[in-house]
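Given next are the chains, with one letter for each unit.
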Amino acid sequence: MKKDYGVLVIAHGTKNNQAKILIENTVQAVQTPFPKTIAYLEFDKEQTISSGISLLENIGVNKIIIIPLFVSSGSTHLNEIKYILGLDHSTNHPDIQQISINTPILWCSPMDDDPILFKLIFEQINMLSSNSSEENLLLIAHGSEQAYNNHIWKQLLEKLKQKIEHHYSFSAISYATLHPDNVTFVAKRLLRNGKKLIAIPLVISQGYLTEKKIPSKLDGLDVMWNGQTLIPHPLMTSWLEAKISERIVQEEEG
């Protein structure tokens, strides 16, 4: 029974060894009766998507649950992952090889507007904010240069903004993306009203984005920022557990 399903969590990958350890710990903490493993889209030649699939198939699982460890369905990396898995033939990726899979794949969505994402953002706000009516809030996301995917990112960011507006009385709330890049522009615009500015990154794990990329966009600006990411918060493990359970229910109901 325990081999009915296998779980493959797919992360983007990082050159930051400490960040990788935190990702691994988050996945290893997942409580499930089914075998699980993690793969990386980039920056890891051993823990690849292909090796993850092979590991689970060699164990003898009947179906493989794929959980993309990403914030938004607007991530262009999801198209790449689906292409590798043979789930998306609409776009050709000449630099990416599709892999041979002999086991049915059960795809899960990334975080999107999951209630856990709201909880994590609210926790960040509570850590940084002392008087929201005297503060501005800026959510910073990866975004996408592709119009369709960027639209999906903006839909998510707008939902987050509206949810925050219902719970806090910030002087102004806005969001910005690295792709297309408008982080510095939006941050400067928010600072014009003379209120303090809190910036929160919507990023899965520590690494280049939170250590260099985003800080460079905020350099020289008076911004409250701690660069804290979604991992290693224990709620990320809870999210993975919920995704596994939900996908199995969907599969067995229909």
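This structure is a prediction, so every number in the text was calculated from the model and none was measured. (Residues numbered from 1 in each chain as written. Predicted model: local features only at pLDDT ≥ 70, side-chain atom pairs only at ≥ 80, totals over all residues. Heavy atoms only, no water.)

### Details of the packing of aromatic side chains
Phase 1: Overall, the coordinates contain three aromatic pairs when judged by the stated rule.
Phase 2: With centroids separated by 5.4 Å and ring planes inclined at 75°, the aromatic side chains of Tyr-5 and Phe-34 adopt a geometry described as edge-to-face. Of this pair, Tyr-5 sits in strand β1 (residues 5-11) while Phe-34 sits in the loop between α1 (17-28) and β2 (36-40), placing them 29 residues apart in sequence. An identical accessibility class is assigned to Tyr-5 and Phe-34; each is buried.
Phase 3: A ring pair is formed by Tyr-168 and Phe-170, whose centres lie 5.8 Å apart and whose planes are at 35°; its orientation type is tilted.
Phase 4: For Phe-170, a relative accessible area of 10% translates into the label buried.
Phase 5: Taken together, Phe-122, Tyr-168 and Phe-170 form an aromatic cluster joined through their ring pairs.
Phase 6: Across the ring face of Phe-118, the terminal group of Lys-163 is positioned such that the distance to the ring centre comes to 5.1 Å. (Phe/Tyr/Trp six-rings, centres within 6.5 Å; stacked < 30°, edge-to-face > 60°. Helix = DSSP H or I, 4+ residues; strand = E, 2+ residues; numbered from the N terminus. Buried < 20%, exposed > 50% of the residue type's maximum accessible area, 1.4 Å probe, protein only. Lys NZ or Arg CZ within 6 Å of the ring centre and 35° of its normal.)

### Things to note about empty space enclosed by the protein
Phase 1: Throughout the structure, instances matching the rule amount to one cavity of 30 Å³ or more.
Phase 2: Considering the residues around the largest cavity, the lining is formed by Leu-120, Ile-121, Glu-123, Gln-124, Ile-200, Pro-201, Leu-202, Gln-228, Thr-229, Leu-230 and His-233.
Phase 3: For the lining of the largest cavity, the secondary structure elements donating two or more residues are α4 (115-128) and β7 (196-201).
Phase 4: For the lining of the largest cavity, the element with the most residues is α4, which contributes four residues. (1 Å grid on protein atoms, 1.4 Å probe; cavity = no way out; pocket = protein on both sides within 12 Å on 5 of 7 lines; lining within 4 Å. Points joined across faces, edges and corners; volume = space filled by probe spheres on them.)

### Quick notes on the packing of α4 against helix α8 (residues 234-253)
Phase 1: Here α4 crosses α8 at 175°, and the two axes come no closer than 10 Å. Here α4 is positioned roughly antiparallel relative to α8, judged by the angle of their axes. On α8, the residues touching Ile-116, Lys-119 and Leu-120 of α4 are Leu-235, Met-236, Ser-238 and Trp-239.
Phase 2: Grouping the constituent residues of the contact of α4 with α8 by class yields five nonpolar, one polar and one charged. (Axes fitted to C-alpha atoms, helices over the stretch in contact; angles between N-to-C directions. Parallel < 35°, antiparallel > 145°, perpendicular 65-115°, else oblique. Contact = heavy atoms within 4.5 Å. Nonpolar A, V, L, I, M, F, W, Y, C, P; charged D, E, K, R; others polar.)

### Examining the nonpolar core
Phase 1: Formed by 49 residues in total, the largest nonpolar core has its most connected members in Leu-69 and Ile-164.
Phase 2: Among the elements that take part in this core, α4 stands out by supplying eight residues, more than any other.
Phase 3: Leave out the neighbours within four places in its chain, and Leu-69 touches Val-9, Ile-10, Ala-11, Ile-23, Ile-204, Ile-231, Met-236, Trp-239 and Leu-240.
Phase 4: In this structure, Leu-8, Ala-39, Ile-81 and Leu-85 belong to the second largest nonpolar core, which totals 17 residues. (Core = buried A, V, L, I, M, F, W, Y, C linked by side-chain atoms within 4.5 Å.)

### Let's talk about the pattern of salt bridges
Phase 1: By the definition in use, this model includes six salt bridges.
Phase 2: For Asp-44, the salt bridge identified is with Lys-20, shortest N-O distance 2.4 Å. Of the two residues, Asp-44 sits in the loop between β2 and α2 (49-59) while Lys-20 sits in helix α1, which places them 24 residues apart along the sequence.
Phase 3: A salt bridge links Asp-113 to Lys-159; the nearest nitrogen and oxygen atoms lie 3.0 Å apart. Note that Asp-113 is positioned in the loop between β4 (105-107) and α4 and Lys-159 in helix α5 (residues 147-167), a separation of 46 residues in sequence.
Phase 4: What makes Asp-113 partly exposed here is its relative accessible area of 34%.
Phase 5: The class of Lys-159 is partly exposed, set by a relative accessible area of 44%. (Salt bridge = Lys/Arg side-chain N within 4 Å of Asp/Glu carboxyl O.)

### Some remarks on the sheet that holds strand β8 (residues 223-224)
Phase 1: Taken in spatial order, the four strands line up as β6-β5-β7-β8 in an open sheet, and their pairing is parallel. Sheet topology places β6 (172-179) and β8 at the edges, where each strand pairs with a single neighbour.
Phase 2: Taken together, the two bridges between β7 and β8 define a ladder with parallel strand orientation. Directly across from Leu-197, in β8, lies its bridge partner Val-223.
Phase 3: Here α4 sits on the sheet in contact with β5 (135-143), β7 and β8, set at roughly 145° to β7. (Pairing = 2+ DSSP bridges.)

### Overview of the sheet that holds β2
Phase 1: Overall, parallel pairing links the four strands, which are arranged β2-β1-β3-β4 in an open sheet. The sheet is open, and its two borders are formed by β2 and β4, each paired with just one other strand. Between one strand and the next, the sheet's axes are offset by a mean angle of 25°, whatever the strand orientation.
Phase 2: Here six bridges tie β1 to strand β3 (residues 63-68), and the two strands are oriented parallel to one another. Residue pairing in the sheet places Leu-8 in a bridge with Ile-66 of β3.
Phase 3: Running over the sheet, α1 touches β1 and β2 and is turned about 150° from β2.
Phase 4: Each of β1, β2, β3 and β4 touches α2; the most contacted strand, β1, lies at about 170° to it.

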